[in-house]
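Structural description and commentary
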Amino acid sequence: MATKGNSGDNRTRSSVSIFIVAGLCGFFYILGAWQHSGFGKGDSIAAKITRQTDCTILSNLNYETHHDADGRTDDGSESEVREIKPCDDHYIDYTPCQDQMRAMTFPRENMNYRERHCPPEEEKLHCLIPAPKGYVTPFPWPTSRDYVPYANAPYKSLTIEKAIQNWIQYEGNVFRFPGGGTQFPHGADAYINELASVIPMDNGLVRTALDTGCGVASFGAYLFKKNVIAMSFAPRDSHEAQVQFALERGVPAVIGVLGTIKLPYPSRSFDMAHCSRCLIPWGANDGMYMMEVDRVLRPGGYWVLSGPPINWRNNYQAWQRPREELEEEQRKIEETAKLLCWEKKYEMGEIAIWKKRINYDYCREQGSQRTMCESSNADDVWYKQMEACVTPYPETSGEDEAAGGEWRPFSERLKAVPSRISSGLIPGVSAASFREDNLLWKKHLNAYKRINKIMDSGRYRNIMDMNAGLGSFAAALESSKLWVMNVMPIIAERDTLGVIYERGLIGIYHDWCEAFSTYPRTYDLIHGYGLFSLYKDKCSIEDILLEVDRILRPEGSVIFRDQVDVLAKVKRIAVGMRWDTKLVDHEDGPLISEKILVAVKRYWVAGENNATSS
């Protein structure tokens, strides 16, 4: 592993000059002049050549009812570009809604203090989060699975605390992830293969997984070999950087915890849920946490629990916990699993696997014993209190029918009409309009690739779609080189996140008036369609753009598709945020009022001369 050079001119970089052709307008736009191998700061060549190129992106933006691209308003006056200053250097890893100082003011009961607690308007930072000194572009996948540059997440506490558990090791100027874990000392591959002897991972039936208390997400990292994609989460805790390490490795993860509010995922989302010594008190609160897992688990899905209290009789001394305490903990888990009508499929060593029944017909005898949830919408979860109740199954017509639709293997399910659509659960969306949406986003993606020629290169691993709709952008992008976090704004006209999961993709609910539950610099490419029009009367464009800047890597790219007047405002703010921007015509021509704004975030780090230039 070559690791020479940490800063300045000594940083190594690949010597491929990437030209981005804007074929719609007949000019060359340099989006990224140097693609890094993992070491080397940003480069000014792209901006220099762009300035020297005497061409115009748009042939006709002077609509009477729209702003133009240069900041001129309808009355002809100029709108001045405002420079947005950098934040102080100690904010390099600022996570607004999981800020440690604010968290400590909330109750510790049921992990409330580890949940989302966002700053009020008057406490929001209106500045740019700096990258740490020496920050470099992560290694490409799959090298990134095993190696992370130390400069990007300079925290060694896990290397000490987990030294004997094979989690993470510090070697020179990189962290190495050997693929081990507390519950899989022989490596993640061996552990996953044992699970796969019970759970159908090898035939594509199990595609989406939820990893609760994920640590550095080695489980999710190695699941990619099975073409299984995991949504991993862990709280921001004393170890500082577990979720940050996961994302630096190129593994989907968010900051999160099972506490007092519901998980930000729709019902019947995941094919499998997993806990490997995740320290969640599964038997507490009348089994409420298991009931929340049941809500997000598909009928027929699997729940894996490895570690305490499984096989407590043989391990209580090693775990240094009383026999009676562990015995009672397992009794409560078994009792709740029975109440939920889960069938235990496997128990060996410290691993137990349960399977959720495919429909209610198998669960008649538990009916009188359990409290059913009263809410008519099991997907209404944003800041809603978790409840100790059981989410009802969808109706079925026979004991062999899977509630919520049959299981299809991936990637067949990526293209098939989801059952939520075929059964009429999504107002205004039919099988025909679903297919049309897929074709439309293939067309849009082809246009993006003409603008940004490195989209297929592997340069972008962590991708976000801020307003995901039916997930068709992610479906068109589908590749082993990348993954997409499909975000469903809570104010969207339709809630289609369940559709996205049925397709074998992952996503999360979010309100873009607040910060996202991730560390800074965790996404390589961020896409948003109609997002700013959606939030037009909800919160400021600047606040949303500042959050995009926070979570976007230096030299990461942005693609916004929206109405031209909206994008003109976005462009003016973005120029003051050290983004290099270009406004591009719709692929159907300049007379379409919908346009595409493409941007690259410049490279800059804490401690530099951080004056912003346009």
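Preceding block: the structure.
Here we summarise the structure given alongside this text.

What counts and what doesn't
- Residues numbered from 1 in each chain as written.
- Predicted model: local features only at pLDDT ≥ 70, side-chain atom pairs only at ≥ 80, totals over all residues.
- Heavy atoms only, no water.
- Pairing = 2+ DSSP bridges.
- Helix = DSSP H or I, 4+ residues; strand = E, 2+ residues; numbered from the N terminus.
- Axes fitted to C-alpha atoms, helices over the stretch in contact; angles between N-to-C directions.
- Buried < 20%, exposed > 50% of the residue type's maximum accessible area, 1.4 Å probe, protein only.
- Arc of directions from axis to C-beta.
- Contact = heavy atoms within 4.5 Å.
- Salt bridge = Lys/Arg side-chain N within 4 Å of Asp/Glu carboxyl O.

Spatially, three strands are ordered E3-E5-E4 in an open sheet, and the strand pairing comes out antiparallel. The open sheet has two edge strands with one neighbour each: strand E3 (147-149) and strand E4 (169-171). Across the sheet, the mean angle separating the axes of adjacent strands is 30° when strand polarity is ignored.

In this section: helix H9 (residues 312-319). Among the residues of H9, those classed as buried are Trp312, Asn315 and Trp319. Viewed along the axis of H9, the buried residues span an arc of 85°, placing them on a single side of the element. Seen from the open side of H9, the exposed residues pointing more than 90 degrees away from its buried face are Arg313, Asn314 and Gln317. Buried residues along H9 sit in contact with helix H10 (323-339). Note on H9: the residue one or two positions beyond its end, glutamine 320, has a positive phi of about 55°.

Another point: the pattern of salt bridges. Considering all chains together, one arrives at 39 salt bridges under this definition. The partner of glutamate 329 in a salt bridge is arginine 321, with the nearest N and O atoms 2.6 Å apart. Taking the relative accessible area as the measure of exposure, arginine 321 reaches 23% and is therefore partly exposed. Residue aspartate 585 is joined to lysine 595 by a salt bridge in which the shortest nitrogen-to-oxygen separation is 2.8 Å. In this pair, aspartate 585 is assigned in strand E18 (residues 579-585) and lysine 595 in strand E19 (residues 594-601), connecting sequence segments 10 residues apart. With relative accessibility at 5%, the residue aspartate 585 sits in the buried group.

A separate point is helix H5 (residues 188-196). Of the residues making up H5, those classed as buried are Ala188, Tyr191, Ile192, Leu195 and Ala196. All buried residues of H5 lie within an arc of 140° about the axis, which places them on one face of the element. Close packing links the buried residues of H5 with helix H6 (218-223), strand E9 (270-276), strand E10 (297-306) and strand E12 (351-356).

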